[in-house]
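Below, each chain spelled out in residue letters.
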Amino acid sequence: MTTINKEPFGDIAGKAVDLYTLVSDTGSTLRVSTLGGTITSWTAPDRTGKRADITLGFDKLEGYTSDAFLKAGPYFGALIGRYGNRIGDARFTLDGVEYPLAANNGPANLHGGIQGFDKRIWQATDKVKGSDATLTLEYGSADGEEGFPGKLSVKVVYTLSGDELRIDYSATTDKTTIVNLTQHAYFNLSGEGSGSILDTQMQVNGSHYTPVDQYLIATGELRDVTGTPFDFRKPTALGARVNEADQQLEFGHGYDHNWVLDRGAEKGLFLAATAYDPASGRVLEVLTTEPGVQLYVGNFLDGSLTGKSGKPYTHRSGFCLETQHYPDSPNKPDFPSTTLKPGETYRTTTVYKFSVK
Ligand code: BGC
């Protein structure tokens, strides 16, 4: 039976934060906090049917508000906005007006700035409809918040059905602005806290990626993956080439790049990536309406954060598949546009789907 339960998770500056537990008819259990719309845990079965929590995170609110977490800035499981990934030089120009942003990652603006959507408390409404459990999260971002123009009304709907999570993002604005929303879940298909993800077989359906400079800012080039460690068109272990001598891997400290999906004229959901864990048999497919996906392999995790089961999150012990428009699009006229105008509705969908093999 599909159920949803709501409980208090704590409070931040007197404001209540709730934790929702969605359980599907297959027994998939997804926990989401109204702080950042954060996925704090999600279970998936292995090939024997045994479930494990496969996302990195904490079981207490303090995990997400601690100085250590904020300093490390891994954004475990959070909704990211107003602009996912980096905006170079922490500024962009729209209709001739330059908008300065906080440089919260070297010279760049990362994941929406100092108080991005991951640090906001969202309004939640839950509903069970047949075998689907839905959690609708809403946030009103003020005009000028974190330097971005326009009052942005954002809605994110999580729908859990069986072992599949569908995420529908939408937004409207009252002034021309930029939007690029994503989900920052870290997966470890052998179970969170179980060590390296380098044995995970990854397939990414993109024959180009967007290379970066030493500050991890997209250069504007779309580079062919052929003959490089970035060719994941055939399933390949994440660890097979991650330490090869390659300037892009050096800049990223490993994979931390946006792949340009080979979606052609396909406008609907497109299979962006498939991850397979040979040890457990778990398979994660990521489908999206977005043109790109950031594959980040937890290069900045260093064991200093301890997860919900008491185990340290060591180097490369989680990977992210962040569906998105390309990084730094507001400064890259040749990239697909991230501009949203009044009267338009921003709409994207991403599906994370588990199975076994
Ligand atoms: C970025 C990484 C960053 C990580 C956590 C990813 O989306 O691409 O560079 O370290 O988020 O902040």
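Residues numbered from 1 in each chain as written. Predicted model: local features only at pLDDT ≥ 70, side-chain atom pairs only at ≥ 80, totals over all residues. Heavy atoms only, no water.

**Q** Hey, could you run me through the site of the ligand in this one?
**A** Neighbouring residues of the ligand: 14 residues in total, closest G73, R86, H184, D256 and E322. Contacts to the ligand include H184, whose side-chain N or O atom sits 2.7 Å from an oxygen atom. The cavity that encloses the ligand is the largest pocket. When its residues are assigned to classes, the shell around the ligand shows six nonpolar, five polar and three charged. (Near = heavy atom within 4 Å. Polar contact = N/O pair within 3.5 Å; in protein donor to acceptor, adjacent residues only side chain to side chain. 1 Å grid on protein atoms, 1.4 Å probe; cavity = no way out; pocket = protein on both sides within 12 Å on 5 of 7 lines; lining within 4 Å. Sits in = over half its atoms within 2 Å of the grid points. Nonpolar A, V, L, I, M, F, W, Y, C, P; charged D, E, K, R; others polar.)

**Q** Would you explain unusual backbone geometry in this entry?
**A** Residues apart from glycine generally show negative phi values, whereas peptide bonds are mostly found in trans. At the junction of G81 and R82, the peptide bond is cis and its omega measures out at 0 degrees in the coordinates. Residues other than glycine seldom take positive phi values, yet E146 does so here, at roughly 55 degrees. Owing to a relative accessible area of 18%, E146 belongs among the buried residues under this scheme. Notably, D328 is not glycine yet its phi reads approximately 55 degrees, a positive angle. Tracing the backbone shows D328 in the loop between β25 (320–324) and β26 (339–340). Classification of D328 as buried rests on a relative accessible area of 2%. (Buried < 20%, exposed > 50% of the residue type's maximum accessible area, 1.4 Å probe, protein only. Helix = DSSP H or I, 4+ residues; strand = E, 2+ residues; numbered from the N terminus.)

**Q** Just to check I follow, could you spell out the sheet that holds strand β4 (residues 38–45) for this structure?
**A** The strands making up a sheet associate through hydrogen bonds between their backbones, and the pairing can be parallel or antiparallel. With antiparallel pairing, the five strands of this open sheet are ordered in space as β1-β2-β3-β4-β5. In this open sheet, the two edge strands, each paired with only one partner strand, are β1 (3–12) and β5 (51–53). The sheet shows a mean angle of 15 degrees between the axes of neighbouring strands, direction not considered. Pairing analysis gives five bridges linking strand β2 (residues 15–23) to strand β3 (residues 29–33), with the strands arranged antiparallel. When the sheet's bridge partners are listed, T21 is paired in β3 with R31. (Pairing = 2+ DSSP bridges. Axes fitted to C-alpha atoms, helices over the stretch in contact; angles between N-to-C directions.)

**Q** Looking at this structure, I do not really get the pairing of β2. What am I missing?
**A** Side chains on a regular strand alternate between the two faces of the sheet. In this structure, β1 lies alongside β2, joined through nine bridges in antiparallel fashion. Looking across to β2, one finds that E7 is bridged to L19. Hairpin connection, β1 to β2: the antiparallel pair is bridged by two residues, and A13 has positive phi, about 45 degrees.

**Q** When you look at the nonpolar core in this model, what are you seeing that I'm missing?
**A** Here is a general trend for soluble globular proteins: nonpolar side chains tend to be buried in one another's company. By size, the foremost hydrophobic cluster in this structure holds 58 residues, and its most contacted members are W42, F187, M202, W259 and F319. For this core, the element with the highest residue contribution is strand β13 (residues 152–161), accounting for five residues. (Core = buried A, V, L, I, M, F, W, Y, C linked by side-chain atoms within 4.5 Å.)

**Q** It is not clear to me how the layout of surface pockets should be interpreted in this structure. Could you clarify?
**A** Gaps left between atoms show up when a probe the size of a water molecule is rolled over them. In this model, the largest pocket occupies a volume close to 910 Å³. Lining the largest pocket are 44 residues; nearest its centre among them are L70, A72, G73, P74 and Y75. Within the residue set of the lining of the largest pocket, elements represented by two or more residues are α1 (61–65), α2 (67–72), α3 (247–252) and β24 (292–296). Looking at the lining of the largest pocket, the element that brings in the most residues is α2, giving four residues. Here the lining of the largest pocket is built from residues that sort into 21 nonpolar, 15 polar and eight charged. (Points joined across faces, edges and corners; volume = space filled by probe spheres on them.)

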